[in-house]
Amino acid sequence: MLEAENSVDRRMRPRPNIRVNLERLMSNDSSSSRSSSQSHRSSSPIPPESEPEPVKDSDTVKVCLRLRPHLRNNPYKTAFKIHENTLLARGVDENSTERQYTFSEIFDEEVSQADVYDRCIKPSIRNVSGERGATFLTYGTSGSGKTYTLLGNNASPGIVPRAIEQVYVEYANNISTNPSLKIDKTAVSFLDDESVYRELKKVESMKKLLQGNESTHSRMRSIIRKEHDFELSKDPDLRVFIWVSFVEIYNENVYDLLAQESIFGKRKPMKILSNEGNAYIKDLSCVFAGSSEDAYNILQFGLQSATYGSTDVNSNSSRSHSIFFMTIVSYSLSTQLINYSVYKFCDLAGSERLKKTGTFGDRLKEAQKINTSLMVLGRCLETVHKNQKSKKLADLVPVRDSKLTMLIQSALLGKEKLSMIVNLYPTEEYYDENLNVLNFSSIAKQIVLQRKPTQRRDRTTRYSFFLAQATSSPSARIDTNRLMLENERLKQELACESNVYREQLAERDLEIQLLKRDILAQELQLRNELTDDFESYCVQREATFQTRLKQTREAAIRPYEQQITHLNAKIEHLRNIINDMECEEDEYEKKLKVYETELNKYRVKEKRDRRLSL
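Worth saying up front: this structure is predicted, and the values here are computed from it rather than measured.

(A) Just the overall build of the protein, in detail. Looking only at helices and strands, one finds 15 helices and 18 strands in the protein. Out of the 614 residues belonging to the protein, those deemed buried represent 37%. Taking the intrachain contacts of the protein between residues at least 6 apart in sequence as the baseline, contacts between residues at least 24 apart amount to 72%. As displayed, the protein offers around 39,600 Å² of accessible surface, 51% of which is attributable to carbon and sulfur atoms.

(B) Representation of the environment of Val448 within the structure. Inspection of the secondary structure puts Val448 in the loop between α13 (431-445) and α14 (462-471). The exposure class of Val448 is buried, given its relative accessible area of 8%. As a C-alpha pair, Val448 and Gly414 span 34 residues in sequence and 8.0 Å in three-dimensional space.

(C) Structural detail: helix α8 (residues 292-303). For α8, which comprises 12 residues, the first-to-last C-alpha distance of 17 Å matches the rise-based estimate of 16 Å (1.5 Å per residue) to within 8%. Among the residues of α8, those classed as buried are Ser292, Asp294, Ala295, Tyr296, Asn297, Ile298, Leu299, Phe301, Gly302 and Leu303.

(D) Representation of unusual backbone geometry within the structure. Phi at Glu84 is positive, roughly 55°, even though this residue is not glycine. Despite not being glycine, Asn251 has its phi angle at roughly 55°, a positive value. With respect to the helices and strands, Asn251 occurs in the loop between β9 (238-250) and β10 (253-256). Here Asn251 falls in the buried class, since its relative accessible area comes to 17%.

(E) Structural view of the side chain of Asn434. Tracing the sequence through the fold places Asn434 in helix α13. In this structure Asn434 comes out as buried when scored by relative accessible area, which is 0%. A distance of 3.1 Å separates a polar atom in the side chain of Asn434 from the backbone oxygen of Tyr425. Setting aside its immediate chain neighbours within four residues, Asn434 contacts Phe80, Thr141, Leu424, Tyr425, Pro426 and Thr427.

(F) Inspection of the environment of Leu404 at higher detail. Structurally, Leu404 is set in helix α11 (residues 403-407). Exposure remark for Leu404: the relative accessible area of 0% places this residue in the buried category. Sequence separation between Leu404 and Cys346 is 58 residues, and the spatial gap between their C-alpha atoms is 9.3 Å. For Leu404, the contacting residues outside a window of four places in its chain are Ile249, His321, Ile323, Leu348 and Leu377.

(G) Quick look at the nonpolar core. With 51 residues, the main nonpolar core has Leu65, Met420 and Leu438 as its most contacted residues. Residue contributions to this core peak at 7 residues, all from helix α10 (residues 362-389). Beyond its immediate sequence surroundings of up to four residues, Met420 is in contact with Lys62, Val63, Cys64, Leu137, Tyr139, Leu381, Phe440 and Ala444. In terms of nonpolar packing, the next biggest core, distinct from the first, is built from 47 residues, Met206, Phe246, Leu299 and Met326 among them.

(H) Geometry of the pairing of strand β17 (residues 338-347). Taken across its 10 residues, β17 has 7 buried, putting it largely inside the fold. Where strand β6 (residues 133-140) lies against β17, 6 bridges are found, and the strand directions are parallel. Each bridged residue has a counterpart across the sheet, and for Ala134 the counterpart in β17 is Tyr343. Between the antiparallel neighbours strand β16 (residues 321-332) and β17 lie 5 residues, among them Gln336 with a positive phi of about 60°.

(I) Broad picture of the side chain of Ser441. Along the chain, Ser441 falls in helix α13. Exposure remark for Ser441: the relative accessible area of 0% places this residue in the buried category.

(J) Representation of the sheet that holds strand β4 (residues 99-102) in the model. Taken together, 3 strands build an open sheet; the order of strands is β2-β3-β4 and the sheet is antiparallel. Pairing within the sheet leaves two strands with one partner each, and these edge strands are β2 (80-83) and β4. For this sheet, the mean inter-axis angle between neighbouring strands, taken without regard to orientation, is 25°. For β2 and strand β3 (residues 86-89), the ladder comprises 4 bridges, and the chain directions are antiparallel. Across the sheet, Lys81 pairs through a bridge with Leu88, a residue of β3. Contacts between α13 and the sheet are confined to β2, β3 and β4, with β4 contributing the most and set at about 45° to the helix.

(K) Summary view of the pairing of strand β1 (residues 62-67). Extensive coverage of β1 is indicated by the burial of 5 of its 6 residues. Taken together, the 6 bridges between β1 and strand β18 (residues 417-424) define a ladder with parallel strand orientation. From the neighbouring strand, Leu67 faces β18, where its bridge partner is Leu424. By the bridge criterion, 3 bridges tie β1 to strand β5 (residues 105-107) in an arrangement that is parallel. Directly across from Arg66, in β5, lies its bridge partner Phe107.

(L) Expanded view of the packing of helix α5 (residues 159-170) against α8. Interhelical geometry of α5 versus α8 gives an angle of 155° and a closest axis separation of 9 Å. Taken together, α5 and α8 sit at an angle that is classed as roughly antiparallel. As for the relative orientation of α5 and α8, their crossing is right-handed in sense. Residues Val160, Ile164, Glu165 and Tyr168 of α5 pack against Ser292, Ala295 and Leu299 of α8. In terms of residue class, the contact of α5 with α8 is built from 5 nonpolar, 1 polar and 1 charged.

(M) Broad picture of the pattern of salt bridges. A complete count under the given rule lists 15 salt bridges for this structure. Salt-bridge contacts for Glu227 lead to Arg162; the nearest nitrogen and oxygen are separated by 2.7 Å. Placement of the pair is Glu227 in helix α7 (residues 214-227) and Arg162 in helix α5, with a sequence separation of 65 residues. Exposure remark for Arg162: the relative accessible area of 1% places this residue in the buried category. Glu194 serves as the salt-bridge partner of Arg198, at 3.5 Å between the closest nitrogen and oxygen. Taken together, the residues Arg198 and Glu194, both in helix α6 (residues 193-209) and 4 residues apart, mark about one turn of the helix. According to the relative accessible area criterion, Arg198 is partly exposed, its value standing at 44%.

Conventions adopted
Residues numbered from 1 in each chain as written. Predicted model: local features only at pLDDT ≥ 70, side-chain atom pairs only at ≥ 80, totals over all residues. Heavy atoms only, no water. Helix = DSSP H or I, 4+ residues; strand = E, 2+ residues; numbered from the N terminus. Buried < 20%, exposed > 50% of the residue type's maximum accessible area, 1.4 Å probe, protein only. Contact = heavy atoms within 4.5 Å. Areas by Shrake-Rupley, 256 points an atom, 1.4 Å probe, with all protein chains shown as cover. Expected span 1.5 Å × (residues − 1). Polar contact = N/O pair within 3.5 Å; in protein donor to acceptor, adjacent residues only side chain to side chain. Core = buried A, V, L, I, M, F, W, Y, C linked by side-chain atoms within 4.5 Å. Pairing = 2+ DSSP bridges. Axes fitted to C-alpha atoms, helices over the stretch in contact; angles between N-to-C directions. Parallel < 35°, antiparallel > 145°, perpendicular 65-115°, else oblique. Left-handed = near helix turned anticlockwise from the far one by under 90°. Nonpolar A, V, L, I, M, F, W, Y, C, P; charged D, E, K, R; others polar. Salt bridge = Lys/Arg side-chain N within 4 Å of Asp/Glu carboxyl O.

In structure tokens:
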């Protein structure tokens, strides 16, 4: 029977999976190339791969635990105890086993909001250009204080107002008041003057709807600046543009909390799209915040449209996941480079058991959707942790099974920093729910964020086997050296040509500047000539109009002058008549006086005659 050819029979092909010391093999191959082909079968094993470096605590997801102050006389200390950064959990039952959960930080009920922010959030918000940003999650059961940790109140602000103040204090000398740069669909876009005007009008319209928040913001700002020491950026070359968005995920639908329609209850679910692996929300409102006051007003405007409800556990329970986005776009004037970072602050709705919360109807549907999305988040964390521990083919992380995981997939897939604040209400009544929260957080604590890539032996093929053999030969090394020298020579030539092009570009720029100056001078001269000609034309036209006005006035007066003369003659005639009548009147008055005298005389005479007759 004929011997099978190696290129035909798969069983007789060179197998890359056989461990072969190629360096020793190629050193023995320098004498003859044929003898080297026979030495492939007599291989020596390669030493095993080096073990991965131990994972540091700083390389894992930062998970902090915060205990809510106890409000009832329920002895919970027997169930939960704190030992440094470890929480000891043990049920009241004597047969229950003690469980340990390690966290990055543990905060008891006496720790302030400022301490929580300084130790959990502040290190992740740094004014370093080029960073992708970070994602911050608050997780826990319903009524454990997640929203208080995230937002706080007027007297004790949460991490979101403190993060806003930190960004605006650190970039105080670099923040632009003109929104000319914006991130649209994960890409940088430049805005024209009309778009800039529309963006500024958005903030003004929100301020009008939120009248009376100026004093609240000023008090919160003074509180935050007293409790923190933020460092001012000393980079005058940088220009910073800050944009804010706010969404909620209610019943697995994404809604824009900054849309004007959200005030009147007419909300439309939005789509989540992806651009080169980065998720974004289609047509999401992104509002420019030129100051910390604008950012705070935008936050308050969005909170008015958020969904809250009442349960047996919490009278004002968040019935949706809310995510506050703060995008920082930086532009370098010297290098002309544009970078942006996105900070996401996620207030996860409380995980809850339906029996204890007493939910039914719409509340039951909301709770089911909340628990489903949190379950998907837990599956994503478990899959990421499993992929990091296993050396086998990585499983697919199910980020697309929930809207929440789709929006924070960059953090789940290790593209940006992830920090989680787990809120716990340490009572025996919710011991089982708290254990679920602790188990969830323990998985997140073990996920590695910034592990150095370990060298793994890839699955090789027949082609890769011969390629490795060819590249490891002495002739290949000589060719490699030649290629490196040729590469260096080409780099030097490219550098020389680039210098020449830079000089030519500088000369062109100088010529362009000179041409611009000439054009400006010619334009100025032309404008002056046009102005002088127009001025002389105006003077000439004014003289012409004055002459025409005088002629028109004289022509209009001429017919009325004759009428005035005729009327004056009539007036004179009437005056003469009046004088004659006045003279006649005087004569009549004299005659009347004479007649009255004669009448009086006659009356006296008549009286006398009557007396004599008697």
